2 protein chains.
Amino acid sequence: MTVGDLGEFGVIGRIAGRLPQGAAILLGPGDDAAVVSAPDGRVVVSTDLLIEGRHFRRNWSSGYDIGRKAAAQNLSDIAAMGAEPTAIFVGLGLPADVGTDWLDALTDGFRDECALVGASVAGGDISRADTVMLGVTALGDLGGRAPVTRAGARPGHVVAIAGRLGHAAAGLALLQAGRADSGELVDAHRRPRPLYACGPGAARLGATAMLDVSDGLLQDLGHIADASGAGIELDPAAFPVTPELAEAGRDLGADPLEWILKGGDDHALAATFPSGVRLPDPWLVVGRVTEGQGVHVIGRADTTGGWDHFRDSRG
Amino acid sequence: MTVGDLGEFGVIGRIAGRLPQGAAILLGPGDDAAVVSAPDGRVVVSTDLLIEGRHFRRNWSSGYDIGRKAAAQNLSDIAAMGAEPTAIFVGLGLPADVGTDWLDALTDGFRDECALVGASVAGGDISRADTVMLGVTALGDLGGRAPVTRAGARPGHVVAIAGRLGHAAAGLALLQAGRADSGELVDAHRRPRPLYACGPGAARLGATAMLDVSDGLLQDLGHIADASGAGIELDPAAFPVTPELAEAGRDLGADPLEWILKGGDDHALAATFPSGVRLPDPWLVVGRVTEGQGVHVIGRADTTGGWDHFRDSRG
């Protein structure tokens, strides 16, 4: 059976029937709008557009993985402000020949990724489209804390990372080269595993700036450097090259550090902290904030690089 | 100059530079997420996906009109809950050859429609796409009131309308037939004019159910009937047929009442009220809530009809 067979309202009913609503959802799917609790008196909001062929491929990722990933990248943006995600909303464009099994798997992917953080899929919109497209918006609650922006890094602060780097990019490179269709790295491309709790955790530890790494560490740290009016210096020896990354590098004749520094899609958190802060696992110090500007990697000439959607290339 | 020439971050900077941020926006565009005031302790949220060729055509509507319309249909959903809009977020998919003039006009359309209600475009996302697509999310504040859902209509309540009906559908029919490319009705298709203040106003007047008419009055009132477990009876003589609608009907050999009852995109508000409520202008009583189910038009056999996105047809 396809979504075209179900019709618009059949699709809406089918999706809504698979989505439990948490306590923060005061009015869930089915009306003109939902009502979500915002006990803090403020709400954190992030939105992303994901387009088939550009952000995902249905022959490389299952519907379930696409739902997990689409939810993850938005929930991660909320965590990167130091907030707890409460709800996501999904605008869903679907070709009429998409199977209901695929739709169910996508829905379950959204549901399960949200469940990791206690959030709910509280509403959305359905439209027919030529390819699958997803407009995802996530909401979160700061619990009385100040948001951790990109602008608070100061010379002397340390730069630390929580989560994997380079795995998703290496997995994508293996898929593109036809060298693997499963395994740790390919899985990392299909489904990021952001360490959501580290976001509010970093805020409580006194993080001075934070973001989630989605376009490559160098490029994304460049945003912190720019917004903070400071420079950042990274120590390349500080980044662990896992056996999987090393093997993929040998296999493809690539330098794993390139994936680590320039690869997107792992949604690690990168943050700066005052130098005296004792950082618990999994935070890993990889550099420091300096006077000046831009991001510099000790011993390397390249200081930038990341994804530009309009140039389909690394800057 | 095109958006491809500007590059992703150039586009983001250009858009953000045109968007003033109101007092409710505690942290605006430029970080992982925005922070919006939610003084009520709750936030109302609605999202929509708009796709070129399906929801709008660039040769029929200017960038400015598309921005106005995309904002309007989301802000109207917020008003239809009885809430005041505070912010919208726009996920924007653009072909690289879109001109920066068109992008500026789109941005200004979003800005100006939001300005009507004191809301701000507080964030978004940019991606390259094969056609223009918009994922729009609107937020609103209930000001301590209960949301007006679709479920509170009871037999004996009156059904009332605020705003135009059938104008946008007639305008689209004129465009499709090549009979007009300007005028009142075509303008209504290009740019709806929801009566936003009537939403919170209806809540204060004691509205028992409300929605914004986007898929056709019969179909949308059917949602109130279903959710409320009641029937609705409409008096066709209660609907004003404006001279423009009458002329378009003669021109196209169509019954204007069909546009009024089944046309979408005007974003009028439809609400039910206890029968004793004295309704001020522009509310117009057009029917009543009955025992039973479904929507019935006195003297007519058809009781349904509206847009189904997967069937590209009227139900």
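About the cut-offs
- Residues numbered from 1 in each chain as written.
- Chains lettered and ligands numbered in written order.
- Predicted model: local features only at pLDDT ≥ 70, side-chain atom pairs only at ≥ 80, totals over all residues.
- Helix = DSSP H or I, 4+ residues; strand = E, 2+ residues; numbered from the N terminus.
- Rg over C-alpha atoms; globule rule 2.2 N^0.38 Å.
- Buried ≥ 20, exposed ≤ 12 C-beta atoms within 10 Å, placed from the backbone.
- Contact = placed C-beta atoms within 7 Å.
- Pairing = 2+ DSSP bridges.
- Axes fitted to C-alpha atoms, helices over the stretch in contact; angles between N-to-C directions.
- Least-squares fit on C-alpha atoms with pLDDT ≥ 70 in both.
- Core = buried A, V, L, I, M, F, W, Y, C linked by C-beta atoms within 7 Å.
- Nonpolar A, V, L, I, M, F, W, Y, C, P; charged D, E, K, R; others polar.
- Domains from an automatic or database assignment.
- Left-handed = near helix turned anticlockwise from the far one by under 90°.

1. Description of the overall build of chain A
Right, so step 1: Counting secondary structure elements, chain A contains 10 helices and 14 strands.
Right, so step 2: For 315 residues, the compact-globule formula gives about 20 Å, and the C-alpha radius of gyration of chain A, at 20 Å, lands near that figure.
Right, so step 3: Considered along the principal axes of its C-alpha atoms, chain A spans approximately 60 × 50 × 30 Å.
Right, so step 4: For chain A, buried positions account for 58% of its 315 residues.
Right, so step 5: Pairs at least 24 apart in sequence give 85% of the contacts found in chain A among residues at least 6 apart.

2. Focus: the pairing of strand E7 (residues 158–162) of chain B
Residue and element names in this part refer to chain B.
Right, so step 1: The element E7 is extensively covered by neighbouring structure, given that five of its five residues are classed as buried.
Right, so step 2: In E7, alternate side chains face the same way, and those of Val158, Ala160 and Ala162 on one face and Val159 and Ile161 on the other are all buried.
Right, so step 3: Taken together, the five bridges between E7 and strand E10 (residues 269–273) define a ladder with antiparallel strand orientation. When the bridges of E10 are listed, Ala162 appears paired with Leu269.

3. A word on the sheet that holds strand E12 (residues 294–297) of chain B
Residues and elements named next belong to chain B.
Right, so step 1: Across the sheet, six strands lie side by side as E8-E10-E7-E11-E9-E12; this open sheet has mixed pairing. At either end of the open sheet lies a strand with only one pairing partner, and these are strand E8 (209–212) and E12. When the angles between neighbouring strand axes are averaged without regard to direction, this sheet yields 25 degrees.
Right, so step 2: Both E7 and strand E11 (residues 284–290) contribute to a ladder of four bridges, which runs antiparallel. Considered in E11, the bridge of Val158 is made with Arg288.
Right, so step 3: Here helix H8 (residues 217–228) sits on the sheet in contact with E8, strand E9 (231–234), E10 and E12, set at roughly 135 degrees to E12.

4. Here we look at the relation of the copies chain A and chain B
Right, so step 1: Relative to chain B, chain A is turned by 180 degrees and slid 0.0 Å along the rotation axis, the superposed coordinates differing by an RMSD of 0.0 Å. As the rotation angle and translation indicate, the two copies are arranged about a two-fold axis.
Right, so step 2: Both copies share a contact surface, since 100% of the interface residues of chain A are interface residues in chain B too.

5. Section: the nonpolar core
Right, so step 1: Core analysis: the biggest nonpolar cluster contains 210 residues, and Val36 and Ala270 of chain A together with Val36, Ile88 and Ala270 of chain B have the highest contact counts within it.
Right, so step 2: Contact partners of Val36 of chain B, with chain neighbours within four places excluded, come to Arg42, Val43 and Val45 of chain A together with Ala24, Ile25, Leu26, Thr86, Ala87, Ala122 and Leu139 of chain B.

6. What to know about the pairing of strand E8 (residues 209–212) of chain A
Residues and elements named next belong to chain A.
Right, so step 1: In E8, alternate side chains face the same way, and those of Ala209 and Leu211 on one face and Met210 and Asp212 on the other are all buried.
Right, so step 2: Alignment of E8 against strand E10 (residues 269–273), held across four bridges, turns out to be antiparallel. In the sheet register, Leu211 faces E10, and the bridge partner there is Ala270.

7. Quick notes on the sheet that holds strand E6 (residues 133–141) of chain B
Hydrogen bonds between backbone atoms are what pair the strands of a sheet, whose relative direction is either parallel or antiparallel.
Right, so step 1: Within the open sheet, the six strands sit side by side as E1(A)-E2(A)-E3(B)-E6(B)-E4(B)-E5(B). Their pairing is mixed. The sheet terminates laterally at strand E1 (25–27) of chain A together with strand E5 (120–128) of chain B, the two strands that pair on one side only. Sheet twist, expressed as the average angle between the axes of neighbouring strands with direction ignored, equals 25 degrees.
Right, so step 2: The sheet contact formed by strand E4 (residues 84–94) of chain B and E6 of chain B spans nine bridges and is antiparallel. Looking across to E6 of chain B, one finds that Glu84 of chain B is bridged to Asp141 of chain B.

8. Focus: the interface of chain A and chain B
Right, so step 1: Listed by partner, the interface residues are 56 residues for chain A and 56 residues for chain B.
Right, so step 2: Residue composition of the side of chain A that touches chain B, grouped by class: 28 nonpolar, 15 polar and 13 charged.
Right, so step 3: Where strand E2 (residues 34–37) of chain A lies against strand E3 (residues 42–51) of chain B, four bridges are found, and the strand directions are antiparallel. Bridge pairing in E3 of chain B places Ser37 of chain A opposite Arg42 of chain B.

9. Considering the domain arrangement of chain A
Residues and elements named next belong to chain A.
Right, so step 1: Taken domain by domain, chain A comprises domain 1 (3–141) and domain 2 (158–314).
Right, so step 2: At the interface, 17 residues of domain 1 touch 17 residues of domain 2.
Right, so step 3: Among the elements that make up the side of domain 1 that touches domain 2, the one with the highest residue count is helix H3 (residues 63–79) (nine residues).

10. As for the packing of helix H5 (residues 167–176) of chain A against helix H9 (residues 243–252) of chain A
Residues and elements named next belong to chain A.
Right, so step 1: Where H5 contacts H9, the axes come no closer than 10 Å and their chain directions differ by 35 degrees. Our pair here, H5 against H9, has a crossing hand that is left-handed. In this structure, H5 uses His167, Ala170, Ala173 and Leu174 to contact H9, whose residues at the interface are Leu245, Ala248 and Leu252.
Right, so step 2: Among the residues forming the contact of H5 with H9, the class breakdown is six nonpolar, one polar and no charged.

11. Remarks on the environment of Pro243 of chain A
Right, so step 1: Here Pro243 of chain A lies in helix H9.
Right, so step 2: Linking Pro243 of chain A and Gly156 of chain A, residues 87 residues apart in sequence, is a C-alpha distance of 32 Å.

12. Observations regarding the environment of Leu19 of chain B
Residues and elements named next belong to chain B.
Right, so step 1: Inspection of the secondary structure assignment puts Leu19 in the loop between helix H2 (8–17) and strand E1 (25–27).
Right, so step 2: Residues Leu19 and Thr107 lie 88 residues apart in sequence; the distance between their C-alpha atoms is 7.8 Å.
Right, so step 3: For Leu19, the contacting residues outside a window of four places in its chain are Pro29, Thr107, Arg111, Ser120 and Val121.

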